[in-house]
Amino acid sequence: MIYPSILQIRRDTIVKNKYYLDDEDASSDDYEDFLDAVHESIQGNHDVLQMFSYPDGQHDDAEYEAALMLLTGKEYDYSMENALQKITAALNGDQSKAKQEISYILLLLQLDSDNDIGFCWWDAGALQFYVRKEDLLAQKFDRTYCSLYSS
C-alpha cells in the first residue's frame, strides 16, 4: 500500500522533510497533528519541488485540465464546465462519476522555476505532473499528464 508523503528538496538539494502517517493506526487527532506539521513546515519556504500535494497557482482548474486529457485525450479550452461535459460524455453520461474522477486527480510532482539552479518554465512558471489516484495506487506512472503552469 502507498502512503501519502511529502518530500521537499531545497535549492541546496538537502532533503528537508519527509512525513509518514500510517492511516490504519492513526486517530483523527494524529491526522490533524500530521497535517498541521506538514503545513507549518512548508509555510514561507521556497522549495523547488513538491510531491503528492496540491498545485500552486492562481487558477483552480488544474485537475479539470488533467482529468480531461487523461480520461478523454482532449485539449482543455479553459472552461471547467466544458471539461466536465466532455468527461461526463466519455463516462456514458454519468456526471457524478465524472466529478469523482476529477476529484481523484492528484498532483504527483511540481517543479518550480528557479534561476539559481537553472529551471525556468516560461515566465517563472512550474511543471506539474498529474496522475489519477487509481493509477498511482497501481503504480502506472506511464499514465500521467504534464502541464506547464505560468501566470
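Look up: the structure comes first, before these words.
The following refers to the structure shown. It should be emphasised that the depicted structure is a prediction, and the values quoted were computed from it without experimental measurement.

## Considering helix 4 (residues 95-103)
Here's step 1: Among all positions in helix 4, only Ala 98, Glu 101 and Ile 102 are buried. Within helix 4, the buried residues cover an arc of 100° as seen down the axis, which keeps them to one side.
Here's step 2: On the buried face of helix 4, the contacting elements are helix 2 (62-72), helix 3 (80-90), strand 4 (105-112) and strand 5 (126-132).

## Let's talk about the packing of helix 2 against helix 3
Here's step 1: It is the contact of helix 2 with helix 3, at a shortest axis distance of 10 Å, that shows an interaxial angle of 25°. By the angle class used here, helix 2 and helix 3 are roughly parallel. The element helix 2 and its partner helix 3 pack so that their crossing is left-handed. On helix 3, the residues that touch Tyr 64, Ala 67, Leu 68, Leu 71 and Thr 72 of helix 2 are Met 80, Ala 83, Leu 84, Lys 86, Ile 87 and Ala 90.
Here's step 2: Here the residues of the contact of helix 2 with helix 3 are counted per class, giving nine nonpolar, one polar and one charged.

Parameters at a glance
- Residues numbered from 1 in each chain as written.
- Predicted model: local features only at pLDDT ≥ 70, side-chain atom pairs only at ≥ 80, totals over all residues.
- Heavy atoms only, no water.
- Buried < 20%, exposed > 50% of the residue type's maximum accessible area, 1.4 Å probe, protein only.
- Helix = DSSP H or I, 4+ residues; strand = E, 2+ residues; numbered from the N terminus.
- Arc of directions from axis to C-beta.
- Contact = heavy atoms within 4.5 Å.
- Axes fitted to C-alpha atoms, helices over the stretch in contact; angles between N-to-C directions.
- Parallel < 35°, antiparallel > 145°, perpendicular 65-115°, else oblique.
- Left-handed = near helix turned anticlockwise from the far one by under 90°.
- Nonpolar A, V, L, I, M, F, W, Y, C, P; charged D, E, K, R; others polar.

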